[in-house]
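# Commentary on secondary and tertiary structure
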Amino acid sequence: MQIFHPSTNTISRLSIYGAVVFIGLLSYVLYEIGQSPYYTEQNVPQVQPVPFSHRHHVSQLGIDCRYCHTSVETSSFAGMPSTQTCMTCHSQIWTNTPILAPVRESYETGRSISWTRVNTLPQFVYFDHSIHIHKGIGCTTCHGDVGEMTITWRATTLQMTWCLDCHRHPEEYVRPRDQVFNVNYAPPPNQLELGRKLVREYKINSLTSCDTCHR
Amino acid sequence: MNVNNNRENTRDEDKSRQIATGATPSRFWRGLADLNGTEEARRFRADEFPGTESDLQAIEANPHANHISRRTVLKYMAASAAMAGLTACTILPTEKIVPYVRPPEEIVPGKPLFYATSMPFAGEGAGLLVKSHMGRPTKVEGNPSHPGSLGHTDIFAQAAILDLYDPYRSQTVIRDGEIASWDDFYAALGAMRGAWNANKGAGLRLLTDTIISPTVGAQIRAFLAAFPEAKWHQYEPCGRDNARDGAKLAFDDYVNAFYQLENADVIVSLEANFLYSGPGHVRYARDFAARRDPDSATRPMNRLYVVESTPTITGAMADHRLPMRSSEVEGFARALAANLGVEGANSGASASGQFADWVTALAKDLSAHRGSSIVIAGDEQPPIVHALAHTINEKLGNVGKTIVYTQALEIEPVNGFESLRDLVNDLNSGSVETLIIIGTNPAYDAPADFDFVHAYLKTANRVHSGLYYDETAELSDWHLPQAHFLESWGDTRAYDGSVGIIQPLISPLYQGKSALDLLLILASDTHLSAHDTLRNYWMANRPAQATAQPFEDWWETMLNNGVMAGSVFPAKQMTVKLPTEIGSPAASAEPANSTQEAIELVFRADPSIFDGRFANNSWLQELPKPINHLTWDNAVLLSPGTANRLGLKSEDYVNLDLSGWKVGAPVYVMPGHADECATLNLGYGRWKTGEVGMRRGVNAYYIRTSNQPYIAQGLKIQRTGLNYPLATTQHHHLIGPVGEEDELESVQAFERDLIQVSTLSDYKTNPNFTHEGEHQEEADKPESLYPGYPYTGYAWGMSIDLNRCVGCNACVVACGAENNASIVGKEEVLRGREMHWIRVDSYFRGGVEDPEMYFEPVPCMQCENSPCELVFPVGATNHSPEGLNNMIYNRCVGTRYCSNNCPYKVRRFNFFLFSDFRTQSTYGMRNPDVTVRSRGVMEKCTYCVQRINHAKINAEEQNRLVRDSEIKTACQQVCPADAIIFGNINDKSSQVAKLKAQSRGYKLLEVLNTRPRTSYLARIRNPNPEMPAQKLHPPAAGTIDQN
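Parameters at a glance
- Residues numbered from 1 in each chain as written.
- Chains lettered and ligands numbered in written order.
- Predicted model: local features only at pLDDT ≥ 70, side-chain atom pairs only at ≥ 80, totals over all residues.
- Helix = DSSP H or I, 4+ residues; strand = E, 2+ residues; numbered from the N terminus.
- Rg over C-alpha atoms; globule rule 2.2 N^0.38 Å.
- Buried ≥ 20, exposed ≤ 12 C-beta atoms within 10 Å, placed from the backbone.
- Core = buried A, V, L, I, M, F, W, Y, C linked by C-beta atoms within 7 Å.
- Contact = placed C-beta atoms within 7 Å.
- Domains from an automatic or database assignment.
- Pairing = 2+ DSSP bridges.
- Axes fitted to C-alpha atoms, helices over the stretch in contact; angles between N-to-C directions.
- Nonpolar A, V, L, I, M, F, W, Y, C, P; charged D, E, K, R; others polar.
- Parallel < 35°, antiparallel > 145°, perpendicular 65-115°, else oblique.
- Left-handed = near helix turned anticlockwise from the far one by under 90°.
- Expected span 1.5 Å × (residues − 1).
- pLDDT = per-residue confidence, 0-100.
- Arc of directions from axis to C-beta.

## Some remarks on the overall build of chain A
- For chain A, the count of helices and strands is 10 helices and one strand.
- When the helices and strands of chain A are listed from N to C terminus, the series reads α-α-α-α-α-α-β-α-α-α-α.
- A globule of 215 residues ought to have a C-alpha radius of gyration of about 17 Å, yet chain A, at 24 Å, is considerably larger.
- In terms of principal-axis extent, the alpha carbons of chain A reach across some 95 × 50 × 35 Å.
- Counting every position in chain A, which comprises 215 residues, the buried fraction comes to 21%.

Dropping the structure here:
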């Protein structure tokens, strides 16, 4: 007596191959979601209490990064400008514009402006700005073309694989120290040659040991 | 079971024989269970977390108890595998950045700042440097320029951070149990002050702890001058009354004595635990350890003699230790004094016969070291012992060389018990209208015979100010929250009189006010701030040498340094003026008698939670107490002999009856404890404090009376037949052969002891003793089939000097504070799941009556051939090119394979969500440089990799290499004895490389070829060859049964 109907053969074949295809497809879909701006927030402008334009301040006015991000050369944290920093100029210019009302209010009340964080890492990752600056990694290498951002967004995925790209091949990204804060810097055609020279000169270690970032 | 019992009997017979012949067994043992080879010890030796093993056995024994079938387990496994993958898909939550409005000048976001301050505690001020991250104090370190600290601290200073952020701290003014405000109190105070003005303060009483703060002292004096009828009482349950009265007895004046141990060749402790408690103990540990280098040509090793009842770390460091009942110490001191020619010291002392040989040899050694010896009396010993110690020191010409006398540290030295007795009498007579209690908790810790609670309730106005809403607060009309010392301004004095300023690290988290603030309020000087008051006081009273400098400059410099230059008390010339009564020994010292019903009871401040004030501090509660490793509880400590005689074993619950005062307590059998004597630690059994400290352990204050507060006679112990589990970590992480199924490799590994000990004379003749028994053929064999990794850059390593380590546990608390370690609670400690990354194992050698005791701190060994790395399925633990064995928490899935394969048992696993992610107030406490671990994650010592990385970044930015001693691990930085040294072993000129090259260096389980980076320096004892051979008490009848 035949227990199974002949079609079972087809169904079983279909389900075995189907499962392989399904798992492959699912993995692909999950991978794509993981890379997508939906998940990484790459290139997604963040809404801020004050629509601060880097493009205006950096490219048009030529203010140096370090004017606001004061601790970038000395600390792990680049630093966010205090209200006082904003008010050094804005107590003189654009003093009545409604866009800047939160800044004025903060200055009057002493209550801080609550900015939305754009570049963020998980809490088990320890990143240090100062050493990257010291080793000749430019601001725009990670933060993208900040000089063109009217509202700031995350320029890269900030995923571990992205970190490792540079940690494994720093010569592809390093630039001369005097160009670190240049937002218009374009890598020269002989980047690899220059990079290898700078890696030697700046004693750049290719640190890929886990404890470099995780502890 | 029969077989087991037989085996144990045989072992015990062996032991008895060895004891009878005077030979000590050479084997080291971790505790009685280990010595007797019980099932408990076997379990802990076989497994790192035996709690899980017992779970499995329970399931095997009764598989349907929880209705978990194999199928269900598989379902859960599949589900958790799927879920584990999904958890990686969470989108990072949106975070806010909140910058300053007007940034403070010094703060660089992301960089910590250090401020100097002082911690007032137990009669002195410890000098501290406190790390502050963006205004949040996160870690306490010692202040290197402070004489009492020299950059190190004890456990209490380390744990102070947790007290600051403790959510159970008193947060608001409470009136009759209802929330009120400071304004309400001001109004009520106004009415009270009207009455004081009218009657000059008659009926007004102040009760404080021992005041050593010059400014607060001046405030109280001014207050008493304004209200001349008011009275001031001082009481501390574990204060230094005996030391004060002893000085008064010897010199007819209150003086402060401090020791210069670096000049002492021979040290005698009359039950003084000077390495662990009392003013100056951090400094003393350092000075003591500095003289323990067997290779030093210029500074020969010192020799320490200790007589004591209950084993302490000072006793463990002794070259000769004599256990005796606390009441016998007086007889010993008299005999010693008489032997050294103090007239009339020993007339009629009966006890001298028992230790005549000891005294003779000791007196000879002391006489040979006139001017370079010292006799120290313990704070628990009666005043006469202190007076005798002063007399002996004078006789030996030690004064000015190893001991210095200065004026008293206290503003108003009094006997606390007498002071409180006066107060209670006044309370009972109804002559007290208002009692203001500042910073003490007498409802809990007053002697039982005072019946303080009822006396207190007879007072009309009861005001209490304290850190917690405690037992006294509950009975008070007004409870006022006190500010933590990290939130307040103040001053204090160190053991030598140097003034340290208490500087706030943060403004009060709650509505707390310090004693200084409160006295301003009481004196109606609220227009002045505490800061002004402090400045004004020191403007008028600064040391003479500083008056040339402008005050502002002087003040700023002093705040920066944390210690006031030139404020050390000048040495005082004192001459002993002993009255003639010295000739009559106290009658209480009856010789020990094994037939008597009643024995002696010794009260001690708890080594972890002190007099009870740290009861709510879980870091200290879970800290294994030195030597017996008890956590979360106190117990009646009994010697094995006495326990045997009384038919008791550890964890038996007994009723204690001390002349009619009764309390129930569990028993713990303590090797090395004096016979016919019991020890009970104070500080437990709190019934009103935070949740952490409430209803834990036994309240020893229930049976403590004012006439015998430290050494009490007439304790009767009654069995109840009940059992009380004690969470001791004594046998946790036990390393040794498990049993018959051992592989040859591990049998070989355990042939060599984990702890290496020799004597100074043996060491001189055989400096390479730690390498004895190393098989030559083993050494010739290639260590691995694979070529070794070339460590070309930094190679981090650690050396731990067992000769210096005093076993104070400071490293354990410091490690937890630095690395955000979590606390697991008593139930989990019982299953061996405590989370300390570094542990201080204690080892015993010899008979149970008077064993030698040793300490061995064990952090991760950072093996070059790590067994843990090889078995990791997900690569969450990896080796770094600098030799660190990294632990990557975010990769860990919790298989526990790694801990299973770690021969040193240094890995810790988060079986539950041990880290507190819910209590907001503790967020600020965490070290932002270290991940807070969640459930299901393995963790372990990282050599403080966050500190290594910071130092490396710092060095690279300055285009140099990391300097030697630039990186200090948390355990190294805190260590009062400098026993732990960390550094780059590739740099042959580094301190750690030099230490590792010493001949007494050795590694744990070296035969396993794990190539540990943590290595040890063997312990060298310095016994006196003329001492009588260790006199062991007659073997106890019967066996010591731990089952």
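Having seen it, we continue.
## Regarding the overall build of chain B
- Scanning chain B from N- to C-terminus turns up 33 helices and 40 strands.
- With 1043 residues in all, chain B has 54% of them scored as buried.

## Quick word on unusual backbone geometry
All names here are of chain B.
- Phi angles above zero are rare outside glycine, and H733 is one such case at about 55°.
- Summarising the element assignment, H733 is placed in the loop between β28 (727-728) and α24 (744-749).
- One non-glycine residue, D978, lies in the positive phi region at around 55°.
- Along the chain, D978 turns up in the loop between α32 (970-974) and β37 (980-984).
- Classification of D978 as partly exposed rests on a count of 18 C-beta atoms within 10 Å.

## Some remarks on the nonpolar core
- Counting 281 residues, the largest nonpolar core has L270, I376 and V636 of chain B as the members making the most contacts within it.
- The element that contributes the greatest number of residues to this core is helix α6 (residues 155-165) of chain B, accounting for nine residues.
- Setting aside residues no more than four positions away along its own chain, V636 of chain B makes contact with V654, L656, A665, V667, Y668, A678 and L680 of chain B.
- Ranked by size, the runner-up nonpolar core spans 11 residues in total, among them A78, I133, C139 and V183 of chain A.

## What to know about the domain arrangement of chain A
- Taken as a whole, chain A is organised into domain 1 (7-35), domain 2 (46-62 + 70-79 + 119-215) and domain 3 (81-114).
- Placing the centre of domain 1 of chain A and that of domain 3 of chain A at their C-alpha centroids yields a distance of 56 Å.

## Re the pairing of strand β16 (residues 434-438) of chain B
Residue and element names in this part refer to chain B.
- Burial analysis of β16 places five of its five residues in the buried class, which makes it a mostly covered element.
- Residues T434, I436 and I438 of β16 are buried on one face, and the alternating residues L435 and I437, pointing to the opposite face, are buried as well.
- Inspection of the sheet shows strand β8 (residues 204-208) paired to β16 by five bridges, in the parallel sense. By the bridge assignment, L207 is partnered in β16 with I437.
- As paired elements, β16 and strand β17 (residues 461-466) share five bridges and run parallel to each other. By the bridge assignment for β17, T434 is matched with N461.

## Details of the sheet that holds strand β27 (residues 711-723) of chain B
Residue and element names in this part refer to chain B.
- As summarised here, the arrangement of the six strands in space is β21-β26-β23-β25-β24-β27, forming a closed barrel in which the pairing is mixed. Mean inter-strand twist for the sheet, computed between neighbouring axes without regard to direction, equals 45°.
- Direction of pairing for strand β21 (residues 599-605) relative to β27: antiparallel, over a ladder of three bridges. Considered in β27, the bridge of I599 is made with L715.

## A look at the domain arrangement of chain B
Residue and element names in this part refer to chain B.
- Once the domains are mapped, chain B shows domain 1 (2-50 + 733-772 + 805-1021), domain 2 (174-239 + 412-541), domain 3 (255-407) and domain 4 (599-728).
- Spacing between the C-alpha centres of domain 3 and domain 4 amounts to 27 Å.
- The partner domain 4 presents 17 residues to the 13 residues of domain 3 that form the contact.
- Residues belonging to the side of domain 3 that touches domain 4 are distributed by class as follows: six nonpolar, five polar and two charged.

## A closer look at the packing of α6 of chain B against helix α27 (residues 810-818) of chain B
All names here are of chain B.
- Two elements in contact, α6 and α27, have axes whose closest approach is 8 Å; the angle formed by their N-to-C orientations is 25°. Taken as axis vectors, α6 and α27 run roughly parallel relative to one another. Crossing handedness for the pair α6 and α27: left-handed. Across from I155, Q158, A159 and I161 in α6, the residues of α27 making contact are A810, V813, A814 and A817.
- Along the lines of polarity and charge, the residues of the contact of α6 with α27 split into seven nonpolar, one polar and no charged.

## A look at the packing of helix α5 (residues 83-90) of chain A against helix α6 (residues 101-109) of chain A
Residue and element names in this part refer to chain A.
- Two elements in contact, α5 and α6, have axes separated by 10 Å at closest approach and are oriented at 115°. Seen from above, α5 lies across α6 with left-handed handedness. Contact residues: T83, C86, M87 and H90 in α5; V103, S106 and Y107 in α6.
- Grouping the constituent residues of the contact of α5 with α6 by class yields four nonpolar, three polar and no charged.

## Details of the interface of chain A and chain B
- Contacts between the two partners involve 34 residues from chain A and, on the opposite side, 33 residues from chain B.
- Of all the secondary structure elements, the ones that give two or more residues to the side of chain A that touches chain B are α5, α6, β1 (115-116) and α7 (129-134) of chain A.
- For the side of chain A that touches chain B, the element with the highest residue contribution is α7 of chain A, accounting for three residues.
- Residues belonging to the side of chain A that touches chain B are distributed by class as follows: 11 nonpolar, 19 polar and four charged.

## A look at the sheet that holds strand β11 (residues 266-270) of chain B
Residue and element names in this part refer to chain B.
- The parallel open sheet is built from four strands, whose spatial order is β13-β12-β11-β14. Two strands lie at the open edges of the sheet, namely β13 (320-323) and β14 (373-377), each paired on one side alone. Averaged over neighbouring strand pairs, the angle between their axes works out to 10° when direction is ignored.
- Note that β11 and strand β12 (residues 303-308) share five bridges and pair parallel. If you follow V266 over to β12, its bridge partner there is R303.
- Along the sheet, helix α13 (residues 356-368) makes contact with β11, β12, β13 and β14, crossing β11 at roughly 140°.
- Docked against the sheet, helix α14 (residues 383-395) engages β11 and β14, running at close to 170° with respect to β14.

## Re the environment of E651 of chain B
- By the secondary structure assignment, E651 of chain B is in the loop between α23 (640-645) and β24 (652-658).
- The contacts of E651 of chain B, once residues within four sequence positions are left out, are P666, V667, N723, Y724, P725 and L726 of chain B.

## What about helix α7 (residues 182-199) of chain B?
Residues and elements named next belong to chain B.
- Compared with an ideal rise of 1.5 Å per residue, which puts 18 residues at 26 Å, α7 spans 25 Å between its outermost C-alpha atoms and is within 8% of the ideal.
- Residues F185, L189 and W196 constitute the buried set of α7.
- Buried positions along α7 lie against β8 and β18 (478-481).
- Within two residues after α7, K200 carries a phi angle of roughly 60°, on the positive side.

## Quick look at the confidence of the model for chain B
Residues and elements named next belong to chain B.
- Per-residue confidence for chain B averages 87 on the pLDDT scale, and 89% of its residues sit at or above 70.
- Contacts of residues 1-25 to residues separated by more than four positions or lying in other chains number 24 contacts, the stretch itself having pLDDT below 50.
- When the criterion is pLDDT under 50, residues 1031-1043 qualifies, and its contacts beyond four places in sequence or with other chains add up to 33 contacts.
- Interface confidence for the predicted complex, expressed as ipTM, amounts to 0.91; the pTM equals 0.90.

## A short note on helix α8 (residues 214-226) of chain B
Residue and element names in this part refer to chain B.
- In this model α8 runs 18 Å from its N-terminal to its C-terminal C-alpha over 13 residues, within 8% of the 18 Å that 1.5 Å per residue would give.
- If you check which residues of α8 are buried, you get T215, V216, Q219, I220 and F223. When α8 is viewed along its axis, its buried side chains cluster within an angular range of 135° and face the same direction. Exposed residues pointing more than 90 degrees away from the buried face of α8 are listed as A222 and A225.
- Considering only its buried residues, α8 is in contact with β8, β9 (231-234), β19 (490-493), α19 (515-522) and α20 (530-541).

## Focus on the environment of L646 of chain B
Residues and elements named next belong to chain B.
- Here L646 shows up in the loop between α23 and β24.
- Accessibility expressed as a C-beta count within 10 Å gives 18 for L646, which makes it partly exposed.
- C-alpha separation for the pair L646 and P109, spaced 537 residues apart in sequence, amounts to 63 Å.

## Digging into the environment of L249 of chain B
Residue and element names in this part refer to chain B.
- The topology assignment puts L249 in helix α9 (residues 241-251).
- Overall, the presence of 22 C-beta atoms within 10 Å leaves L249 in the buried class.
- Sequence separation between L249 and V216 is 33 residues, and the spatial gap between their C-alpha atoms is 28 Å.
- In this view, L249 contacts P383, I384 and A387; residues no more than four positions away in its chain are not counted.

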